[in-house]
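Summary of the model geometry
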Amino acid sequence: MSIVLITAPAHSMARVLAQKLADKTGWPQYSRDRLAEEAHAQGIKLSRLEASIIKAPIVSEKLAWEKEIYLSFVTDVLYKKIQDQNLIYTGRAAHLLFPGVKNILRVGVSVPMEIRADIVAKQLNLNPGKALDYLKSLDVDIMKWVHYVHRADLRDTSNYDLQLNLENLSLANAADVLMQLAELPEFHLSDESVSHLEDLHLAARATLHLALNKETSNLNLGVRASGKVVTVTYLPRQKEVAESVSRVLGTLEECKGNVCTMAETNILYLSEHFDPKTEDFNQINQLAKRWGAAIELIRLIPPKDGKPFFQEVAGPEPRPEHGAYTGGVEDDGPEVSADDGGLDNTIEELVAMGRSAGGVTIAGGQHEVIDALRDNDNYSLVVLGDLFLSKGPQASTRLTRELGLAIHERMKTPVIKIDELKSQFLFGMKQAFKLLMFCLIALCIYGLVFSFQVPILNFLGGSLHEHWKWAASVAVVLFVPFVAYIYGTISGLILKLVNID
Amino acid sequence: MSLEILILDDETIVGERLQASLEKDGHSLEAFTSPREAIKSLNEKVFDIVVTDIRMDDIDGIKILELVREKSPRTKVIMITGYATLEVARESLTKGAFDFIAKPFKIKEIRGAIEKAAHALQMEDGG
């Protein structure tokens, strides 16, 4: 009654090991090769995902949804392969499947490079040097794949229950070790684990159901399930599709109900140009990471030929309809403007970090931005970057300020300029220096108060007080807010330092 | 630059669609659905570019790649497949493929690969 997930490098002996384990236990055995075949046959765009790793850039918003569909397909297929709660699966990142489910035996296998190179040289008819080059490149590709698909590092040992080195251990003995380990009570699925698996499977089925439906196939959605209820999170710009999602999920078998919610925490960043390599982007990203927020980008540019327009960055490609068979050679889509002010690149970077809430280009001014934001009220923060640059520095500052006020008025959300972000939300050298200075001032105040207690008490209630009653009151009125300001600043900076806002 | 291009894919529609698009760019194309027929043509004539599917019943695209590399190292081979995996892509590139494109692809992707191959051929031919 065990699930054994074996991660092994390509061209190792993992499948033989899995087969030996299957022979000893009688448990069903499945491998990634067979799973990939099935994915291709079912129309999952696995080819595009795999090839995207070889070709930079490896990520795009179009592929992000394809990735979710692929992972859902894997979960669905493997769940169905489990017999009497038993399964042996080998793959390039098998140990990362069924994330969070306890009592699953997650195993890593390592095989010396020389042994693998020998296998490859024979299998692919390569000379030893080429075989080694091939394996080194492939290992790097697989690391990239795992990072992109599972957002994990293959070398992170904390994700494994056991790592087997097959350099000296025979495959038969390795299979024995795995069998004995899998029979331990720790690796028998508990009711809680089974329930967790069922939730993952329902979420996977819901994702596939949405992906295969024409109405919802080109949406980038977050899907999870708990207790036979599916929750779908959509981006603010997809607000109008909530009804379709709900309707499509209404036809999903064994689903008691569904809830559609808009992604809750978002940071909206408006600018004329974006560059994922800048310090500005880094700061917004730091804040988003701390808040667990997604970042939505609006590129605001002057109207073209005096005409405002609104253009959303392309989302996932709609799946082709039946009857339009092209043999995989598709017509070119509409041409995308070559100069997008770095919007595409920045979104790709955000997708890679799992923080993209999409992006749009708006050609226009304040009214067009407010129109675009009309129904969205779930931003935690709006950040204004470089805007209205063609108007000159003074007009740019004024128009940016007016836009900020209009957005704040409309959405009741904090609006700040990009150059204020660090001082208000992040902790850097300047803040460290400020903290040090204020701590020193606080220490001086305490030092002075405790060193001169007698004259101070005399001033507040003793003989001096008798002569200068009003002076004591004035001193207290001035001194207390001053100390409170020092304390407040120190506390605020310490909270920033420990990432609590 | 007009190029001699051979296209090999066991699905007729792939050759037809690529031929229709790439001939407009001034290239000369020969499309095959049978690997054996394609090999015959490769033995008779030197092509600038070979675009081949990988998974075919009779002879696979990797064999075609090996054959082209052996007969005409100058020829650029672009691999296309609907069954791409990292392993197959790396094997193709290690064995000398110029580019690797996964299906489904847009025509502009293959056009871009052909332009890059043409540029590489020009550089090798001395500008």
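Residues numbered from 1 in each chain as written. Chains lettered and ligands numbered in written order. Predicted model: local features only at pLDDT ≥ 70, side-chain atom pairs only at ≥ 80, totals over all residues. Heavy atoms only, no water.

Some points on the pattern of salt bridges
All names here are of chain A. Note the following rule: Whenever Lys or Arg places a side-chain nitrogen within 4 Å of a carboxyl oxygen from Asp or Glu, that contact is recorded as a salt bridge. Only DSSP runs of H or I covering at least 4 residues are called helices, and only runs of E covering at least 2 are called strands; the numbering of each starts at the N terminus. Relative accessibility under 20% of the residue-type maximum defines a buried residue, over 50% an exposed one, and the middle range a partly exposed one, all with a 1.4 Å probe and only protein chains included.
This model, assessed by the stated rule, comprises 24 salt bridges over all chains. With a closest N to O distance of 2.6 Å, E50 and R32 form a salt bridge. Within this pair, whereas E50 is found in helix 3 (residues 46-54), its partner R32 is found in helix 2 (residues 32-41), the two being separated by 18 residues in sequence. Of the two residues, E50 and R32, both sit in the buried class.

Overview of the nonpolar core
In globular proteins that are soluble, nonpolar side chains generally tend to be buried together. All names here are of chain A. Inclusion rule: What makes a nonpolar core is a set of buried Ala, Val, Leu, Ile, Met, Phe, Trp, Tyr and Cys residues whose side-chain atoms join them at distances within 4.5 Å. Domain start and stop points were drawn from an automatic or database domain assignment. In this description, contact between two residues means that some pair of their heavy atoms is separated by no more than 4.5 Å.
The biggest cluster of nonpolar side chains holds 92 residues, and the ones touching the most others in it are Y70, L78, Y89, W145 and V230. Per-domain counts for this core show at least three residues from each of domain 1 (3-189) and domain 2 (193-200 + 208-262). Excluding residues that lie within four positions of it along the chain, V230 makes contacts with L202, A206, V223, R224, A225, L249, L252, C255, G257, N258 and V259.

A few points about the packing of helix 1 (residues 14-25) of chain A against helix 7 (residues 171-182) of chain A
Residue and element names in this part refer to chain A. Note the cut-off: In this analysis an axis means a line fitted to C-alpha atoms, helices contributing only their contacting stretch, and an angle means the value between N-to-C directions, from 0 to 180 degrees. Here is the rule for angles: anything less than 35 degrees is roughly parallel, anything more than 145 is roughly antiparallel, 65 through 115 is roughly perpendicular, and the remaining ranges are oblique. Left-handed describes a crossing whose near helix is turned anticlockwise from the far helix through less than a right angle; right-handed describes the clockwise counterpart. Polar here means any residue other than Ala, Val, Leu, Ile, Met, Phe, Trp, Tyr, Cys and Pro, which are nonpolar, and Asp, Glu, Lys and Arg, which are charged; Gly is therefore polar.
Running from amino to carboxyl end, helix 1 crosses helix 7 at an angle of 55 degrees, the nearest separation of the two axes being 9 Å. The orientation of helix 1 with respect to helix 7, classified from their angle, is oblique. Where helix 1 crosses over helix 7, the two elements pack in a sense that is right-handed. Taking contact as the criterion, the partners of V16, L17, K20, L21, K24 and T25 in helix 1 are, on helix 7, L171, A172, A174, A175, D176, L178 and M179. When grouped by side-chain class, the residues that make up the contact of helix 1 with helix 7 number nine nonpolar, one polar and three charged.

Thoughts on the domain arrangement of chain A
Residues and elements named next belong to chain A. Here is the rule we go by: We define buried area as the total accessible area lost by two parts upon association, computed with a 1.4 Å probe and summed across both. Polar contacts, as counted here, are pairs of nitrogen or oxygen atoms within 3.5 Å of one another; within protein the pair requires one atom able to donate a hydrogen and one able to accept it, and residues that are adjacent in sequence qualify only if both atoms are side-chain atoms.
Along its sequence, chain A is organised into domain 1 (3-189), domain 2 (193-200 + 208-262), domain 3 (266-318 + 342-425) and domain 4 (429-497). Each side of the interface is counted separately: domain 1 has 20 residues, and domain 2 has 14 residues. Taken together, both faces of the contact between domain 1 and domain 2 bury some 1,400 Å²; the carbon and sulfur share is 68%. Inspection of the region where domain 1 meets domain 2 yields zero salt bridges. For the pair domain 1 and domain 2, the interface holds three residue pairs in polar contact (both at pLDDT 80 or more). Per-element accounting of the side of domain 1 that touches domain 2 gives the leading share, nine residues, to helix 4 (residues 61-81). Split by residue class, the side of domain 1 that touches domain 2 holds twelve nonpolar, five polar and three charged.

Digging into the environment of F459(A)
Residues and elements named next belong to chain A. Looking at where F459 falls in the secondary structure, it is placed in helix 16 (residues 453-461). Separated by ten residues in sequence, F459 and K469 have C-alpha atoms that sit 8.5 Å apart. Filtering out sequence-adjacent residues up to four positions away, F459 remains in contact with L464, H465, A471, A472 and A475.

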